[in-house]
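Summary of structural features
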Amino acid sequence: MEFKLEAHRIVSISLGKIYNSRVQRGGIKLHKNLLVSLVLRSARQVYLSDPCPGLYLAGPAGSPAMPPPPQQQQQQPGEPAAGPPAGWGEPPPPPPARAAWPEPEPQPERPAAPVTGAGDAPRGGEVEAAEAAWRRVEGAREAAEGGAAGPAGGSDGFPEGPRGTRRQCGCPPGAEDRPGAPGACPRLACCCAPRPAEDEPPAPPAVGPRKRGAAGVGGGPAGGPASGSSPLKKPRRNSEEQPGGAAAAAAEEEEMETGNVANLISIFGSSFSGLLRKSPGGGREEAEGEESGAEAAEPGQICCDKPVLRDMNPWSTAIVAF
Amino acid sequence: MAGAGGGGCPAGGNDLQWCFSQVKGAIDEDVAEADIISTVEFNYSGDLLATGDKGGRVVIFQREQENKGRPHSRGEYNVYSTFQSHEPEFDYLKSLEIEEKINKIRWLPQQNAAHFLLSTNDKTIKLWKISERDKRAEGYNLKDEDGRLRDPFRITALRVPILKPMDLMVEASPRRIFANAHTYHINSISVNSDHETYLSADDLRINLWHLEITDRSFNIVDIKPVNMEELTEVITAAEFHPHQCNVFVYSSSKGTIRLCDMRSSALCDRHAKFFEEPEDPSSRSFFSEIISSISDVKFSHSGRYMMTRDYLSVKVWDLNMESRPVETHQVHEYLRSKLCSLYENDCIFDKFECCWSGSDSAIMTGSYNNFFRMFDRNTRRDVTLEASRENSKPRASLKPRKVCTGGKRKKDEISVDSLDFNKKILHTAWHPAENIIAVAATNNLYIFQDKLN
């Protein structure tokens, strides 16, 4: 169990690093991001291979089994550990084989330590972006509170369902700064909806579906193996803001399902859309080729697909996408 | 041992008594990011010492000739030339900022009165000529002393201009600019022993250049996978063999080194030798891959060995044995239990360099808390020294430092938790012939000498 916690923490930190790397001067550093992706993969493997059924926290209020540290990290004030409406963090009807995150992570409300568990790593400038993202998440979440089928509402299909809707969402990134502004996103399923919805299938082959998504190409949706799982996730997803691309991270995270991670991915996602437009030096050119043209083009648009990232080897993909 | 070397290459690092010689750089606690030194390199004779910083500037120090008049100068290094090598650039097509930070400087062997060096940032390599001017022509016919043109009709007599001495002026001019050959970030450059070609390496490719030709280069290594999603390793450092102009090595993020022979084929994707030490499964952790990534590779002066630096150790390899290194030296093994914290604060990604002494009998590399480590290959002893302002009285001996890993901390020891991870020594250089070392500590350059030197 400690390994799981450790793995969880490392995943959070790693995601934060990947996120921050996009704002660093000089462009994305391929080497560093590759190493971070390897760590992510190791952590994920550990997490998956260390089944602790007792850790499942299905209750909205968070179950007593929830390990304290992640909680603290969340600094969750009132939001109950995400119940079903909250979307994120809730383990699906737990198949025993599925490693589940210890707790349905409550929404990271506060910017305080949004990015990483303990981590001070991604600090500084990102905090503001993170704050904005957090607020967005919150806003979306509350908006979605009641709407269980958020993503479902907008979705046209599965893997792309949420994505599709996201694309249309006009939510300006970071525009939302009032928590609980239902109007923040016109549609529940909008970009703000957590992408991870498409995540893993309840079944042990959780890994498979992750690949969903167009490993790379445009639409990805077509190929999504995860389509089967989408409907399962949808209801939960709606509350989370999840811009399209966050891709690998998102895909990976879905399994983990902690609010912390979810939020990271949210941040990720919006960054990704920006990322995708540019062509950071480093591993991107080829990735660009794979990208579908679906990505949002306007600077303000946070909806974006990043089909590339959905691969099973998502971290490499994520790096590539970067 | 210390006396054995005489005027030649003294032996190793431990029987010597290292003393403070000089420190260059601001004392100010507030360090400007642009002043952080990013590379240090002696030239072939050791008379010139070049540093590059994050602001894209190159500062060259020259060793003063020892003279009787100033016995204490003992060959001090003073500023010889300063110039802006690279500027920040913006790649408009990719919306990408290109940092001006100097990643590497490599000197060319001196062939005439001028000095040449290569400096590189992430994308562009430049060949700089540093020349002295200590004479000036006076008495031109067609222009005045202040440069204004004279009216030809007013000239009634001709004179021959004469050369007059002037204050020494050192000029740096860019002679070649090698650009647009790298998609990824350049991490290494290395001048070939033929003195005509050099290589530049980025994360996925290595290019071979001719010093005279800037509009094309040959790609000699390309490890970019067709599908970038399958990327598993990148190139981290590359260097030409010091004597065999057809041989070079490159290290990877997976902890492997490949030696390539350019005679075998135009594209050296297939290595001639492959150096890898099998991983110890008992020490596996989340961060095993990161700490096995090689941050620097350097051939010995003899060309028989090479040294690699990964996060926790330095390894010496015999080129004739690929299965494992002949020596492994732990730099700061006490950090192994702290890898998670070091991952969080990004220190685990620090790229430490390493260097050989002139005689290859000792090796040196940096650590945290402004510590640096020296390993004597003959006596098998090692020492930890510190570059600090407190210990900067002229010719003050450096006291060995010790890190206490647990249990009782003895006096003068420092505990692992007290180490300052912001004070890291990534770049060090050893004079090619004498026991003089240059150690870059953030924005300061320390020069230490052997007491007997």
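This text gives an overview of the structure that appears in the document. It should be emphasised that the depicted structure is a prediction, and the values quoted were computed from it without experimental measurement.

Residues and elements named next belong to chain B. An order of S1-S32-S31-S30 is seen for the four strands of this open sheet, with the pairing classed as antiparallel. The open sheet has two free edges, formed respectively by strand S1 (18–24) and strand S30 (427–430), since each of these has just one partner strand. Looking at each pair of strands side by side, their axes are set apart by 20° on average, direction ignored. With four bridges joining them, S30 and strand S31 (residues 436–441) adopt antiparallel strand pairing. Bridge assignment links His 427 to a residue of S31, and that residue is Ala 440.

So, on to the pattern of salt bridges. A complete count under the given rule lists 37 salt bridges over all chains for this structure. Two residues, B:Asp417 and B:Lys338, come together in a salt bridge whose shortest N-O distance is 3.1 Å. Remark: B:Lys338 occurs in the loop between strand S23 (327–330) and helix H2 (339–344) and B:Asp417 occurs in the loop between strand S29 (413–415) and S30; sequence separation between them is 79 residues. Residues joined by salt bridges that share partners form a network here, namely A:Glu6, A:Arg9 and B:Glu344.

The terminal C-alpha atoms of helix H2 (residues 30–49) of chain A lie 28 Å apart, and with 20 residues this matches the ideal 28 Å at 1.5 Å per residue to within 8%. With respect to burial, H2(A) is a largely interior element, 16 of its 20 residues being buried.

All names here are of chain B. Neither face of strand S20 (residues 296–299) is exposed, since Asp 296 and Lys 298 on one face and Val 297 and Phe 299 on the opposite face are all buried. Bridging between S20 and strand S21 (residues 305–309) involves four bridges; their strand directions are antiparallel. Looking at S21, one finds that Asp 296 is bridged to Arg 309. Connecting S20 to the next strand, S21, in antiparallel fashion are five residues, including Gly 303 with a positive phi near 85°.

All names here are of chain B. Taken in spatial order, the four strands line up as S8-S9-S10-S11 in an open sheet, and their pairing is antiparallel. Looking at which strands have only one partner, the edges of the open sheet turn out to be strand S8 (104–107) and strand S11 (162–178). Strand-to-strand twist in this sheet, taken as the mean axis angle between neighbours without regard to direction, amounts to 25°. Where strand S9 (residues 115–120) lies against strand S10 (residues 125–138), six bridges are found, and the strand directions are antiparallel. Along S10, the bridge assignment pairs Leu 118 with Leu 127.

Analysis parameters
- Residues numbered from 1 in each chain as written.
- Chains lettered and ligands numbered in written order.
- Predicted model: local features only at pLDDT ≥ 70, side-chain atom pairs only at ≥ 80, totals over all residues.
- Heavy atoms only, no water.
- Pairing = 2+ DSSP bridges.
- Helix = DSSP H or I, 4+ residues; strand = E, 2+ residues; numbered from the N terminus.
- Axes fitted to C-alpha atoms, helices over the stretch in contact; angles between N-to-C directions.
- Salt bridge = Lys/Arg side-chain N within 4 Å of Asp/Glu carboxyl O.
- Expected span 1.5 Å × (residues − 1).
- Buried < 20%, exposed > 50% of the residue type's maximum accessible area, 1.4 Å probe, protein only.

Keep in mind these numbers describe shape, not what the thing actually does.
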